[in-house]
Amino acid sequence: MGTTESCRNELRSAIRQLSDRCLYSASKWAAEQLVGIEQDPAKFTSSHTRFQRGSSSIRRRFRTNEITSTPTAGVSYVSTPVPEEDNDAVDSDFYLLAKSYFDCREYRRAAHVLRDQTGKKAVFLRCYALYLAGEKRKEEEMIELEGPLGKSDAVNRELVSLERELSTLRKNGMIDPFGLYLYGLVLKEKGSENLARTVLVESVNSYPWNWNAWSELQSLCTTIETLNSLNLNNHWMKDFFLAGALQELRMHSESLAKYEYLQGSFSFSNYIQAQIAKAQYSLREFEQVEVIFEELLRNDPYRVEDMDMYSNVLYAKECFPALSYLAHRVFLTDKYRPESCCIIGNYYSLKGQHEKSVMYFRRALKLNKNYLSAWTLMGHEYVEMKNTPAAVDAYRRAVDINPCDYRAWYGLGQAYEMMGMPFYALHYFRKSVFLQPGDSRLWIAMAHCYETERLHMPEEAIKCYLRAENCNDREAIASSPTCKAA
Amino acid sequence: MAGIFKPPGAFTITPHKVSMCILLQIYAPPAQISVPFPFSSVSQHNRLGLFLLALAKSCDDILELKLDELITQLREIGGLLNHWLSDHLTRRLSSLSSPDDLFNFFSDLRGILGGPDSSVVDDDQIILDPNSNLGMFLRRCLLAFNLLSFEGVCHLLSNIGTYCKEALSSCPPYELPRSDDSANDLEALLEYENMDLENFVFEKVSEEIEAKKRATERVSFHNHAPRALFGLVEDIEVSAGMKLTHSDKPREVSPFVHPSNDTLGGVDPPGVFLRTNWQIQGYLLEQADAIEKHGSSFPLNAFESILKQLQKLAPELHRVHFLRYLNSLYHDDYPAALENLHRYFDYSAGTEGFEFAPPSSPGCNSFGRYEIALLCLGMMHFHFGHPKQALKVLTEAVRVSQQHSDDTCLAYTLSAICNLLPEVRISSTTGILGSSFSPVASIGTSLSIQQQLFVLLRRSLKRAESLKLKRLVASNHLAMAKFDLTHVQRPLLSFGPKASMKLRTWPANVCKELRCSSHIISDFAMESSIMTTDGTFSTAWVKNLQKPMGSLIFSQDNGTGSNSDAFHFCAQPSSIPGSVLQLVGSSYVVRATAWELYGSAPLARLNALVYATCFTDSSSSADLALAYAKLIQHLAFFKGYREAFAALKIAEEKFLSVSKSRILLLKLQLLHERSLHRGHLKVAQQLCDELGVLASSVTGVDMELKTEASLRHARTLLAANQFNQAAAVAHSLFCMCYKFNLQVENANVLLLLAEIHKRSGNAVLGIPYALASLSFCQSFNLDLFKASATLTLAELWLSLGSNHTERASTLIHGAFPMILGHGGLELRGRAYIAEAKCYLSDPSFSVFEDPEVVLDPLRQASEELQVLEYHELAAEAFYLMAIVFDKLGRLEEREEAAASFKKHMIALENPQDEEDTFIDIISLG
């Protein structure tokens with residue numbers, strides 16, 4: 001990894017470039033990491049603003065001298081694309097106008113202003129604006145076209161023309177990394193995943209600071225094989241990517257190790273802290289997760305992201321006051337976030353008011369139909385309410401969104417077991433232990449299933465108990481019945 | 001939560017309906033002339049009216065016409081007017097360019113509707129009666145349009161745009177060649193010029209190719225959507241040319257369409273022509289039927305992609321998952337089938353029947369019908385040959401349906417178990433039908449598996465009768481018949497007063513059950529089509545839904561053909577549903593099997609023939625293959641191999657894609673038999689091994705196949721004079737049959753053992769086996785088999801010496817009527833030879849007195865055995881003949897017989913020398 005100083009400089013320029021191109025979430029992410037870098041105590045006292053101004057002059061000088069990217073020894077320097085519009089005042093004026101329109105969410109207007117511009121930056125912004133306009137229209141159509149058979153498959157109508165334009169640009173070598181990112185996005189939406197992966201790799205190799213590109217790439221890596229087959233330059237951003245991708249692939253300890261390594265340089269990064277909490281949560285280290293979140297909230301009291309996980313931990317530990325406090329806080333911050341709804345739902349669930357809890361989970365789902373944990377949690381609530389068909393439905397939706405969600409599979413198994421269908425339930429338990437073989441609770445549930453009077457398959461039950469014991473069953477549930485069954 | 005249903009049958013306005021409205025406007029213009037402007041005669045006018053009527057009645061159909069298809073249809077009815085009509089249509093459609101145009105169009109439409117008091121009208125006036133079919137249609141369109149939001153209108157407008165564009169890409173090949181017919185076409189051409197002319201040139205070539213392709217590739221489209229859907233359609237039906245877009249047909253890809261649509265197959269461009277829920281359900285139902293019928297020959301991937309598309313379009317239509325399950329089931333894709341089955345039931349909770357009712361309060365009190373899921377899962381395991389899992393699941397299903405007091409499902413589950421048990425041989429009940437198995441538990445577990453099965457069958461029949469599930473009753477009767485066929489009834493109670501019972505099977509019972517099961521057809525023939533709500537999903541779920549079979553079978557004619565009459569009248573459908581026909585059909589198969597067992601070859605053949613000719617349409621390909629196999633086997637027995645193989649070739653072509661099927665099995669059987677007769681023992685062994693690997697390796701599954709394979713193995717060994725090994729194989733086979741209670745097969749094995757002893761020269765040891773086999777035959781009423789056992793017994797006595805000839809000859813003469821009446825070539829040949837031998841070895845018999853007594857049977861035997869190419873026995877017959885001639889001093893004839901003997905002996909000893917025609921013709925699978 002490069003020196004913290006170079007990291008800082010890279011990030012600073014990246015933030016400017018990203019927000020200049022209206023890639024706000026990427027620039028937000030970059031800014032979070034920038035602040036997260038451990039400050040040199042000596043320099044920390046010196047004026048922050050002056051430092052920044054200095055860096056921009058460094059950047060400019062740097063750009064003019066050496067532009068080629070040299071990914072040596074894990075550090076790669078990538079040229080900052082020269083904004084050609086700078087020279088032409090009129091073009092640049094158009095760009096400014098377009099950007100203002102864009103900022104006011106008037107995407108088509110922005111695209112129209114840039115219709116004749118040929119600069120790379122302008123082309124990117126135009127395409128990006130068109131893409132977003134198409135997305136907006138798609139969402140509107142989704143509601144308008146709701147036919148008798150449910151939701152219609154509204155598509156982003158700009159995708160075709162965008163793909164055509166971007167692919168020609170790429171062929172002619174007239175595309176910058178941002179354009180490549182957009183191209184990758186379009187390809188992904190259109191379902192050509194392999195090409196999308198290649199294009200996104202190209203994009204991040206030539207401009208590694210665009211976190212949006214990394215996260216798109218991450219969502220395209222569903223197996224460890226694809227992840228390993230990517231030909232990525234060795235940049236420090238790659239570590240962030242790998243950590244995230246490993247987490248998605250449920251290799252939690254590996255991912256945790258990566259994040260802890262990253263924390264060495266980005267010791268104040270809220271993002272990394274939250275990710276570590278996520279990994280710890282998956283490893284069921286609730287105490288540590290709680291500590292991390294307490295610290296996170298101290299530093300960033302208005303944070304809503306990832307707070308639903310914190311609420312899950314509080315729920316598991318039955319901390320009524322802390323959960324209610326958290327719910328209150330997020331409610332005041334932004335009540336129309338799925339996370340907030342989930343937290344409130346958790347609170348009601350803990351209070352035993354399952355109907356209300358379901359209502360809030362439903363609200364979360366209305367805000368985001370693919371919000372995985374809300375489906376699963378709602379399933380849990382329905383199980384509590386003894387409404388198994390509804391629970392089954394909710395869990396099933398969760399596994400259809402993400403087939404790797406072992407909790408939902410487990411929930412399905414439980415629901416069927418409750419209905420007195422142990423053999424049928426076994427299918428689901430099998431699925432869940434396949435995904436999470438290290439979780440003793442799943443093995444024990446499966447063993448219970450085998451053990452039921454109706455099924456009566458003690459040999460299989462014993463096997464399951466043995467597996468449960470092997471994966472360090474903390475509550476030692478497995479030990480006693482194993483003896484009994486054996 | 002279990003599914004959010006839209007009200008079924010929602011009437012949405014689509015571009016096709018707009019075109020129909022335009023045509024309606026032409027048909028009934030507000031002007032008051034008896035024959036309005038473009039029409040030259042009343043009949044022409046009426047033709048359009050009839051055409052529109054047919055279109056209006058089929059407006060709820062699954063697939064709507066595209067513009068080019070509509071134009072083609074118009075051309076057929078319009079005659080000279082065609083150009084004017086289609087031109088007007090396209091012109092009107094393309095003139096709709098803003099929402100306001102649409103508004104105006106629909107308010108103009110109001111004008112052609114008569115007022116409520118339009119009962120008094122002038123003869124000259126053409127006004128649509130608002131209560132007529134066309135008037136109703138128009139009113140529905142108007143209402144649907146008025147209900148549209150502004151966004152909806154905008155979407156309709158853009159859909160009309162796509163609709164026109166798609167048609168334009170395929171119109172020119174039809175239109176241009178005739179362009180100089182009428183003056184109107186000049187206008188048309190001009191109009192086309194205004195549009196994308198440059199595309200035409202490019203398009204023309206490709207479209208012509210497509211059109212040719214389409215003409216050849218069109219498959220017949222059987223549309224048997226549920227009755228409810230076609231409630232409107234009584235007798236007039238739009239001709240098949242209209243149903244162009246069948247899913248199997250490769251879709252014509254037009255460059256105008258969004259490229260992502262290419263994956264769509266035959267469904268729709270996204271969002272353009274939304275169908276109603278009922279339409280899609282009907283489509284799915286019909287496809288499900290097709291899958292069950294065609295089995296693995298159904299196109300897997302094509303249908304899968306359609307289903308995926310449907311799922312995307314209608315995520316709340318869970319039936320799609322069931323279809324995916326069926327599709328993967330019939331293509332033997334276990335993981336996919338399992339996954340889709342679970343997904344379907346997770347979503348639908350088993351409550352989504354065809355006649356589903358929207359759950360009043362989402363899931364609060366309704367607990368779903370997950371027992372149906374268990375039933376299906378059980379059937380699936382059964383299909384894949386996992387008997388233990390299947391039984392476990394079905395037991396669970398029994399318990400859950402009792403818990404939820406779901407009697408219907410219980411009845412179906414019980415009969416599923418009844419069907420499962422005889423197929424899957426289970427040696428003992430322990431661990432499978434344990435004490436928890438409630439239906440049987442009450443009687444106690446001391447009963448054998450057969451007795452349990454019997455009890456189950458009786459109960460399931462009673463239950464089905466009390467629930468008035470007619471199909472189930474019929475199928476239970478069938479199962480009962482099958483049971484009676486091979487099982488001896490024993491008293492159920494092991495204590496108490498015992499009625500004296502003969503330990504025999506009762507053919508009369510079998511006949512009775514079969515007759516009862518056929519009664520169903522009269523039940524259905526009498527009652528008209530009322531939707532019965534059996535609504536249970538087994539794999540037979542679809543079968544059990546009533547649908548008018550054959551009512552809407554269209555003869556497919558290609559759209560470019562010269563069919564002047566655009567619609568033809570279908571006859572009133574017979575009201576017998578396909579599932580019922582299938583049941584009745586299978587009763588004929590069981591009849592054939594029964595007669596085969598009882599030994600009446602002609603009756604068996606007759607029943608198989610009836611099935612193959614009358615029930616082809618409604619039966620699945622597997623059942624049909626079985627019937628064919630029976631017929632071909634019959635041929636082989638009675639007419640020799642040449643004819644059998646010729647028939648087999650035809651059958652193989654018919655069942656091309658069915659790989660691991662009856663036909664393959666039959667081929668192996670025939671080839672094996674033949675190579676045994678001709679003495680190709682190596683080939684025989686190889687064939688026998690191939691037969692063996694067809695069986696599943698799970699114990700208790702494919703028992704028939706397994707016994708067959710080892711029986712043939714023993715016979716091959718016997719033919720090779722490996723008596724010890726043959727006896728060992730036969731012995732272990734007997735043990736297996738005994739273990740799994742295969743009594744009929746036992747008779748067979750015992751007879752084989754007798755044969756082995758006879759051939760090895762231990763006739764004394766053979767006799768008990770033959771006698772045992774005889775008693776088995778008696779108690780199971782296996783008459784033909786009994787005759788063959790008697791023959792073996794006679795042969796055994798005969799080989800004991802000349803003092804037993806009389807006994808032997810009585811036995812043979814006793815068996816002769818049966819053998820000559822129903823026996824195959826081999827059996828008859830053997831009987832004749834044995835008879836001749838009897839005479840010859842009788843010391844009191846003299847050849848000189850009446851040589852024909854001996855010569856006649858020998859001649860008969862030699863002829864029949866030559867047809868069969870059974871060298872060994874034929875040689876024996878000729879040998880005996882030569883000796884007799886020698887005695888008689890007829891030297892010439894003696895030489896002839898001796899030459900034939902030599903020929904057969906040489907053929908037997910050098911099997912490789914002989915040119916092997918059949919093996920060449922029929923390559924081994």
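None of these values were measured; they are calculated from a predicted model.

### As for the overall build of chain B
Working step 1: Across its full length, chain B carries 38 helices and two strands.
Working step 2: Here chain B holds 925 residues, and 55% of them are scored as buried.
Working step 3: Pairs at least 24 apart in sequence give 72% of the contacts found in chain B among residues at least 6 apart.
Working step 4: As displayed, chain B offers around 39100 Å² of accessible surface, 56% of which is attributable to carbon and sulfur atoms.

### Section: the overall build of chain A
Working step 1: A count of helices and strands for chain A gives 27 helices and zero strands.
Working step 2: In chain A, buried positions account for 54% of the 486 residues.
Working step 3: Of the contacts formed within chain A by residues at least 6 apart in sequence, a portion of 56% connects residues at least 24 apart.
Working step 4: When the accessible surface of chain A is summed, it comes to about 22100 Å², and 52% of that surface belongs to carbon and sulfur atoms.

### Some words on the nonpolar core
Working step 1: Counting 115 residues, the largest nonpolar core has A:Tyr416, A:Tyr424 and B:Met380 as the members making the most contacts within it.
Working step 2: Here this core takes 10 residues from helix H17 (residues 407–423) of chain B, the largest share from any one element.
Working step 3: Apart from the residues within four sequence positions on either side, B:Met380 is in contact with B:Tyr325, B:Leu329, B:Tyr334, B:Ala337, B:Leu338 and B:Leu341.
Working step 4: Core analysis: the next-biggest nonpolar cluster, separate from the first, contains 102 residues, A:Cys22, A:Leu34, A:Ile175 and A:Val289 among them.

### Digging into the environment of B:Arg591
Residues and elements named next belong to chain B.
Working step 1: Structurally, Arg591 can be placed in helix H22 (residues 578–598).
Working step 2: For Arg591, a relative accessible area of 19% translates into the label buried.
Working step 3: It is 9.1 Å that separates the C-alpha atoms of Arg591 and Ala481, two residues lying 110 residues apart in sequence.
Working step 4: If near-sequence neighbours (up to four positions away) are discounted, Arg591 is found in contact with Leu514, Arg515, Ser518 and Asn607.

### Some words on the packing of aromatic side chains
Working step 1: Tallied over the full model, the rule gives 42 aromatic pairs over all chains.
Working step 2: Ring geometry for A:Phe102 versus A:Tyr128: centroids 5.7 Å apart, planes at 20°, classification stacked. Linking A:Phe102 in helix H5 (residues 89–103) with A:Tyr128 in helix H7 (residues 120–144), this pair joins segments that are 26 residues apart in sequence.
Working step 3: Among the aromatic residues, ring-to-ring pairing joins A:Phe102, A:Tyr107, A:Phe124, A:Tyr128, A:Phe178, A:Tyr207 and A:Trp209 into one connected group.
Working step 4: Over the face of the ring belonging to B:Trp797 we find B:Arg807, whose NZ or CZ atom lies 4.2 Å from the ring centre.

### Quick word on the packing of helix H34 (residues 825–841) of chain B against helix H36 (residues 871–888) of chain B
All names here are of chain B.
Working step 1: It is at 10 Å that the axes of H34 and H36 come closest, and there the two elements cross at 30°. The orientation of H34 relative to H36 falls into the category roughly parallel. In this structure, H34 crosses over H36, and the sense of that crossing is left-handed. Side by side, H34 and H36 meet where Arg830, Ile833, Lys837 and Leu840 of the first sit next to Leu873, Glu876, Ala877, Leu880 and Val884 of the second.

### Let's talk about helix H32 (residues 783–799) of chain B
The α-helix advances 3.6 residues per turn, and as a result positions three or four apart in sequence lie on the same side.
Working step 1: Between its first and last C-alpha atoms H32(B) spans 24 Å; for 17 residues at 1.5 Å apiece the expected length is 24 Å, and the two agree.
Working step 2: The first or second residue beyond H32(B) is B:Gly801, which carries a positive phi of 130°.

### A look at a positive patch on the surface
All names here are of chain B.
Working step 1: On the surface, a cluster of positive charge is made up of Arg458, Arg459, Lys462 and Lys512.
Working step 2: Sorting elements by how many residues they give to the positive patch places helix H19 (residues 449–467) first, with three residues.
Working step 3: Within the secondary structure, Arg458 sits in helix H19.
Working step 4: The class of Arg458 is partly exposed, set by a relative accessible area of 41%.

### Notes on helix H1 (residues 4–20) of chain A
All names here are of chain A.
Working step 1: Helix length check: H1, at 17 residues, gives a terminal C-alpha distance of 24 Å against a target of 24 Å (1.5 Å per residue), a fit within 8%.
Working step 2: Regarding H1, the residues found buried are Ser6, Cys7, Arg8, Glu10, Leu11, Arg12, Ser13, Ala14, Ile15, Gln17 and Leu18.
Working step 3: Looking one or two places after H1, you find Cys22, whose phi comes out positive at around 65°.

### What to know about the confidence of the model for chain A
Working step 1: Summing up the model confidence of chain A, the mean pLDDT is 82 and the portion of residues at 70 or higher is 84%.
Working step 2: Throughout residues 44–87 of chain A the model reports pLDDT below 50, and contacts reaching past four residues in sequence, or to other chains, amount to 54 contacts.

### So, the pattern of salt bridges
Working step 1: A complete count under the given rule lists 49 salt bridges over all chains for this structure.
Working step 2: A salt bridge links A:Glu106 to A:Arg109, with the shortest nitrogen-to-oxygen separation between them at 2.8 Å.
Working step 3: With a relative accessible area of 31%, A:Glu106 lands in the partly exposed category.
Working step 4: Via salt bridges that share partners, A:Arg396, A:Asp400, A:Lys431, B:Glu339, B:Arg343 and B:Asp346 belong to a single interconnected network.

### Brief notes about the UniProt feature "repeat: TPR" (unreviewed entry) in chain A
Residue and element names in this part refer to chain A.
Working step 1: Mapped onto this numbering, the UniProt entry annotates "repeat: TPR" (unreviewed entry) at residues 338–371, 372–405 and 406–439.
Working step 2: For residues 338–371, the helix share is 79%, the strand share is 0%, and the end-to-end C-alpha distance is 8 Å.
Working step 3: Segment residues 406–439 splits into 79% helix and 0% strand. End C-alpha atoms: 10 Å apart.

### Some remarks on unusual backbone geometry
Working step 1: Of note in the backbone geometry, A:Lys386 takes a positive phi value of approximately 60° without being a glycine.
Working step 2: Mapped onto the secondary structure, A:Lys386 falls in the loop between helix H21 (372–384) and helix H22 (388–401).
Working step 3: For A:Lys386, a relative accessible area of 55% translates into the label exposed.
Working step 4: The backbone of B:Asn721 sits at a positive phi, close to 60°, despite the residue not being glycine.

### What to know about the confidence of the model for chain B
Residues and elements named next belong to chain B.
Working step 1: Averaged over every residue, the pLDDT of chain B is 71; the share at 70 or more is 67%.
Working step 2: In this model residues 1–9 is a low-confidence stretch, pLDDT under 50, and it forms 29 contacts with partners more than four residues away in sequence or in other chains.
Working step 3: Overall, residues 428–445 carries pLDDT values under 50, and its contacts beyond four positions in sequence, including any with other chains, amount to 26 contacts.
Working step 4: Per the prediction output, this complex has pTM 0.68; the corresponding ipTM is 0.71.

### With respect to the packing of H21(A) against H22(A)
All names here are of chain A.
Working step 1: H22 packs onto H21 with a crossing angle of 160° between their chain directions and a minimal axis gap of 8 Å. Looking at the two axes, H21 sits roughly antiparallel to H22. Crossing handedness for the pair H21 and H22: left-handed. Counted together, Leu372, Trp375, Thr376, Met378, Gly379, His380, Tyr382 and Val383 of H21 and Ala390, Ala391, Ala394, Tyr395, Arg397, Ala398 and Ile401 of H22 form the full contact between these two elements.
Working step 2: When its residues are assigned to classes, the contact of H21 with H22 shows 11 nonpolar, three polar and one charged.

### Focus: the environment of A:Trp209
All names here are of chain A.
Working step 1: Within the secondary structure, Trp209 is located in the loop between helix H10 (193–206) and helix H11 (211–219).
Working step 2: Classification of Trp209 by relative accessible area gives buried; the value is 4%.
Working step 3: Sequence separation between Trp209 and Ser27 is 182 residues; the distance between their C-alpha atoms is 8.8 Å.
Working step 4: Side-chain polar atoms of Trp209 contact the side chain of Glu10, separated by 2.9 Å.

### Considerations on the side chain of B:Lys630
Working step 1: Take B:Lys630: it is sitting in helix H24 (residues 621–639).
Working step 2: Those residues in contact with B:Lys630, other than ones at most four positions away along the chain, are B:Val589, B:Ala592, B:Thr593, B:Glu596 and B:Ala608.

Analysis parameters
Along each chain, the written sequence defines residue order, and numbers are assigned to residues from 1. Chain A is the first chain written and ligand 1 is the first ligand written, with later ones labelled in order. Side-chain atom pairs in this predicted model are given and counted only at pLDDT of 80 or more, local residue features only at pLDDT of at least 70, and totals for whole chains, interfaces and linings cover all residues. Hydrogens are left out, water is left out, and the side-chain values use all remaining heavy atoms of the structure. Per the convention used, a helix needs a DSSP run of H or I reaching at least four residues, while a strand needs a run of E reaching at least two, with both numbered from the N terminus. Throughout this description, buried means an accessible area under 20% of the type-specific maximum (1.4 Å probe, protein chains only), exposed means over 50%, and partly exposed covers the range between. Two residues qualify as a contact provided that any one of their heavy atoms is within 4.5 Å of a heavy atom in the partner residue. Accessible areas in this description were obtained via Shrake-Rupley with a 1.4 Å probe; residue shielding takes into account the shown protein chains only. The criterion is simple. A nonpolar core is a set of buried Ala, Val, Leu, Ile, Met, Phe, Trp, Tyr and Cys residues joined through side-chain atoms within 4.5 Å. Centres within 6.5 Å make a pair out of two Phe, Tyr or Trp rings, where for Trp the six-membered ring is used; the pair is then stacked when the planes are under 30 degrees apart, edge-to-face when over 60, and tilted otherwise. Two conditions define a charge sitting above a ring: the NZ of Lys or the CZ of Arg must be within 6 Å of the ring centre, and it must be within 35 degrees of the ring normal. To get an axis, a line is fitted to the C-alpha atoms, and for a helix only the part in contact is used. The angle between two axes follows their N-to-C directions and goes from 0 to 180 degrees. Note on terminology: angles under 35 degrees are roughly parallel, angles over 145 are roughly antiparallel, angles of 65 to 115 are roughly perpendicular, and the others are oblique. Left-handed describes a crossing whose near helix is turned anticlockwise from the far helix by less than a right angle; the clockwise case is right-handed. How far a helix is expected to stretch is found by multiplying one less than its residue total by 1.5 Å. To count toward a patch, a residue needs a relative accessible area over 30% and no salt bridge; like charges are then connected within 9 Å, while nonpolar side chains (Val, Leu, Ile, Met, Phe, Trp, Tyr) are connected within 5 Å. For this analysis, a salt bridge means a side-chain nitrogen from Lys or Arg found within 4 Å of a carboxyl oxygen belonging to Asp or Glu. When charges are counted, Lys and Arg contribute as positive and Asp and Glu as negative, whereas His and the chain ends are disregarded. Each charge is placed at NZ for Lys, CZ for Arg, CG for Asp and CD for Glu. Scored from 0 to 100, pLDDT reflects the predictor's confidence in each residue. UniProt positions are given in the numbering used here, feature names are shortened, and annotations may be inferred rather than shown by experiment. Under the convention adopted here, Pro, Cys and the residues Ala, Val, Leu, Ile, Met, Phe, Trp and Tyr are nonpolar, Asp, Glu, Lys and Arg are charged, and Gly plus all remaining residues are polar. What qualifies as a polar contact is a pair of N or O atoms within 3.5 Å, subject to a donor-acceptor requirement within protein and to the restriction that residues adjacent in sequence count only when both atoms come from side chains.

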